Amino acid sequence: MRNFFLLLALLLFIQVQDLQAQFNEKPILNLENEDKALLNWGYFLGFNQYDFKFDYKNDLQDILVNKTIGFNVGLIGELRLNEFLDLRFEPGLYYGSRTLGFPGFSDEIDAIREVKSTYINFPLLLKVSTKRLGNWKPFLVGGVSASMNLGSNEASLDDNSSGTFRMKSQVYNYELGFGIDFYTEYFKFSPSIRGVFAFTDELVPDNDPSSPWTGNIDALRTRGVFVNFTFE
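Described in the following lines is the structure provided in the data block. Only a predicted model underlies this, so the values are computations on that prediction, with no experimental measurement involved. (Residues numbered from 1 in each chain as written. Predicted model: local features only at pLDDT ≥ 70, side-chain atom pairs only at ≥ 80, totals over all residues. Heavy atoms only, no water.)

A word on the overall build of the protein chain
Inference 1: Scanning the protein chain from N- to C-terminus turns up 2 helices and 10 strands.
Inference 2: When the helices and strands of the protein chain are read in sequence order from the N terminus, they spell out α-β-β-β-β-β-α-β-β-β-β-β.
Inference 3: By the burial criterion, 44% of the 232 residues in the protein chain qualify as buried.
Inference 4: The contacts of the protein chain with a sequence gap of at least 6 include a subset with a gap of at least 24, amounting to 70%.
Inference 5: Accessible area of the protein chain: about 12300 Å², with a carbon and sulfur share of 61%. (Helix = DSSP H or I, 4+ residues; strand = E, 2+ residues; numbered from the N terminus. Buried < 20%, exposed > 50% of the residue type's maximum accessible area, 1.4 Å probe, protein only. Contact = heavy atoms within 4.5 Å. Areas by Shrake-Rupley, 256 points an atom, 1.4 Å probe, with all protein chains shown as cover.)

Some details on the pairing of strand S9 (residues 188-198)
Inference 1: Summarising burial for S9: 10 of the 11 residues are buried, a large majority.
Inference 2: In this sheet, S9 lies alongside strand S8 (residues 170-183) in antiparallel orientation, the contact comprising 9 bridges. Looking across to S9, one finds that glutamate 175 is bridged to valine 196.
Inference 3: In this structure, S9 lies alongside strand S10 (residues 217-231), joined through 9 bridges in antiparallel fashion. Bridged to arginine 194 within S10 is phenylalanine 226. (Pairing = 2+ DSSP bridges.)

What to know about the nonpolar core
Inference 1: Core analysis: the biggest nonpolar cluster contains 21 residues, and Phe52, Phe54, Leu100, Phe165, Met167 and Leu220 have the highest contact counts within it.
Inference 2: With 4 residues, strand S1 (residues 39-56) is the largest single contributor of residues to this core.
Inference 3: The contacts of methionine 167, once residues within four sequence positions are left out, are Phe52, Arg98, Val115, Tyr119, Asn149, Ser152, Asn153, Glu154, Glu202, Val204, Leu220 and Thr222.
Inference 4: Listed in part, the 6 residues of the second largest apolar core include Phe182, Phe189, Val225 and Phe229. (Core = buried A, V, L, I, M, F, W, Y, C linked by side-chain atoms within 4.5 Å.)

Section: unusual backbone geometry
Inference 1: In this structure, asparagine 153 takes a positive phi of about 65° despite not being glycine.
Inference 2: Counting through the fold element by element, asparagine 153 comes out in the loop between strand S7 (136-149) and S8.
Inference 3: Assessed through its relative accessible area of 37%, asparagine 153 is described here as partly exposed.

Thoughts on the side chain of asparagine 48
Inference 1: Tracing the backbone shows asparagine 48 in strand S1.
Inference 2: Its relative accessible area of 0% is what places asparagine 48 among the buried residues.
Inference 3: Within the local environment of asparagine 48, its side chain forms a polar contact with the backbone oxygen of phenylalanine 71, the two atoms lying 3.2 Å apart. (Polar contact = N/O pair within 3.5 Å; in protein donor to acceptor, adjacent residues only side chain to side chain.)

Observations regarding the environment of aspartate 86
Inference 1: As for its placement among the helices and strands, aspartate 86 is situated in strand S4 (residues 85-89).
Inference 2: It is 9.5 Å that separates the C-alpha atoms of aspartate 86 and leucine 38, two residues lying 48 residues apart in sequence.
Inference 3: Not counting the four nearest positions on each side in its chain, aspartate 86 is found in contact with Glu78, Leu79, Arg80, Leu81, Leu125, Leu126, Lys127 and Ser129.

Some words on the layout of surface pockets
Inference 1: Space inside the largest pocket adds up to approximately 340 Å³.
Inference 2: Together, 20 residues line the largest pocket, and Glu32, Asp35, Glu83, Arg132 and Lys137 are the ones closest to its centre.
Inference 3: Elements that contribute at least two residues to the lining of the largest pocket include exactly strand S3 (69-80) and S8.
Inference 4: Split into classes, the residues belonging to the lining of the largest pocket amount to 3 nonpolar, 3 polar and 14 charged.
Inference 5: Of the voids in this model, the second largest pocket is the one considered here, and its volume is about 180 Å³.
Inference 6: If you trace the second largest pocket, you find it lined by Tyr56, Leu60, Gln61, Ile63, Phe102, Pro103, Ser211, Pro212, Trp213, Gly215, Asn216 and Ile217.
Inference 7: Residue composition of the lining of the second largest pocket, by class: 8 nonpolar, 4 polar and no charged. (1 Å grid on protein atoms, 1.4 Å probe; cavity = no way out; pocket = protein on both sides within 12 Å on 5 of 7 lines; lining within 4 Å. Points joined across faces, edges and corners; volume = space filled by probe spheres on them. Nonpolar A, V, L, I, M, F, W, Y, C, P; charged D, E, K, R; others polar.)

Structure follows, in structure tokens:
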């Protein structure tokens with residue numbers, strides 16, 4: 001998580017240094033009509049870090065999650081509602097990996113499960129912006145999304161007894177975040193950070209109800225942090 005904030009801070013610093021002349025009392029406005037069109041298009045690139053939230057049936061030792069940094073890429077379609085509100089559709093591809101450490105095993109082959117996830121995400125978001133301040137404009141964004149996990153193993157007949165951790169392929173989430181629009185001479189650049197929280201249970205339990213891997217899990221939900229860099 002700390003790496004996300006350091007990277008975002010560095011990129012913002014570089015961008016602000018390039019645009020510092022625009023923050024004086026009378027800046028030269030770039031792309032004055034950029035936000036006046038009914039429809040806007042763009043794309044985004046970014047990073048993610050996925051985690052899991054576990055709900056347990058009994059108060060036993062927790063499952064450990066080792067998180068790694070993945071990547072995001074996608075498209076943006078934006079419908080202007082008024083000066084401060086925009087409706088956004090941001091279909092994208094999100095890849096991430098998590099390693100689970102299950103307690104109670106002495107053999108690493110049984111204790112460790114690597115969960116690689118490739119999500120196709122379809123978020124519908126409401127972007128709430130402030131009044132434009134020279135060549136920058138802060139905003140908040142939030143909404144809901146549906147994701148398809150291509151690496152879920154939901155249809156697999158094998159379970160953890162054979163080394164396969166299974167999850168549901170369809171996930172529903174809510175998303176909340178914030179960012180800043182920077183208006184450069186040629187395009188609008190928008191770094192943002194967003195939290196994503198699944199509200200549906202994603203676990204496909206093992207065939208054995210008393211499985212040492214999934215027997216004590218009541219529910220499993222994805223949560224994550226996205227850092228996106230948008231170009232419009």
